[in-house]
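# Understanding the architecture of this molecule
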Amino acid sequence: MSDSTPLPQICTELSAAYAARDVDPYLAAMNALSAAAPHCEPSDVDTALHSLAPILREAHLGRGGGLPAFAYDIAEHATGPGPLLPVLVDRAIEALTGAAAFTIAAAGLDMALPDPEDQSAAADTLAAFTAGGETLHSSRHGSLPTTGHGRCCG
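Structural notes, computed from the coordinates. What you see is a predicted model; the values in this text were computed from it and never measured.

In this section: the environment of Leu-109. Within the secondary structure, Leu-109 sits in the loop between α5 (85-108) and α6 (121-141). Since its relative accessible area comes to 30%, Leu-109 is described here as partly exposed. Each C-alpha atom of the pair Leu-109 and Ala-128 lies 8.2 Å from the other, and the pair is 19 residues apart in sequence. In this view, Leu-109 contacts Ala-128, Phe-129 and Gly-132; residues no more than four positions away in its chain are not counted.

Below, the structure is given as structure tokens:
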């Protein structure tokens, strides 16, 4: 991808790389979009932002967490953040709701919250939640089922 790649092509490549979960082309397209946006007409950047909205809407908050901030930075070169606001507001609510649920669940397990910057805590945190969920399920329903749908309470 070069600096002269048109925005629609960059957005198509970004969308395709996201759909394929292909990290290198995804990052290359993000970098190309970041480099191209300041040199484009604001209306062209608006169009690019509209094409990013579906990715922003579905991106996993952990894996795609940097995309909203990146898209908002690109919006500086658009006529405004209008194409992004509905999606970003919905995703912010989703992230805050998830964070609150995590905090409540951790408190219910008498578990200290891990440092968000400590990626090494992920495995221990997941193990603590899994063990806590098994204990909670067992206390409500007996041992975990070995067959069936495997979901608790439903």
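Once that is clear, we can look at the nonpolar core. Counting residues in hydrophobic clusters, the biggest one holds 30 residues, and the most contacted among them are Leu-14, Leu-33 and Leu-49. Those elements that place two or more of their residues in this core are α1 (7-20), α2 (23-36), α3 (42-58), α4 (66-74) and α5. Not counting residues within four places of it along the chain, the set of residues in contact with Leu-14 comprises Tyr-26, Ala-29, Met-30, Leu-33, Leu-52 and Ile-55.

This paragraph deals with α3. An ideal rise of 1.5 Å per residue puts 24 Å on 17 residues; α3 measures up with 25 Å between its terminal C-alpha atoms. Along α3, the sharpest change in direction is near 35° and occurs at Leu-52; proline Pro-54 comes one to four residues later. Considered for burial, the residues of α3 that qualify are Val-45, Asp-46, Ala-48, Leu-49, Leu-52, Ala-53, Ile-55 and Leu-56.

Conventions we followed
Within each chain, residues carry numbers counting from 1 in the order of the written sequence. Under the rules for a predicted model, residues below a pLDDT of 70 receive no local features and side-chain atom pairs below 80 are neither given nor counted, while totals for whole chains, interfaces and linings still include all residues. Here the side-chain values reflect all heavy atoms present in the structure, with hydrogen atoms and water set aside. In DSSP terms, a helix is any run of H or I states spanning at least four residues, a strand is any run of E spanning at least two, and both are numbered starting from the N terminus. A simple rule labels every residue: compare its accessible area, found with a 1.4 Å probe on the protein chains alone, to the largest value its type can have, and call it buried under 20%, exposed over 50%, or partly exposed in between. Two residues qualify as a contact provided that any one of their heavy atoms is within 4.5 Å of a heavy atom in the partner residue. As used here, the term nonpolar core means buried Ala, Val, Leu, Ile, Met, Phe, Trp, Tyr and Cys residues forming a set that is joined through side-chain atoms within 4.5 Å. The length a helix should cover is 1.5 Å for every residue beyond the first. Across the chain, bend at a residue is computed as the angle between axes fitted to the seven residues ending at that point and the seven starting from it.

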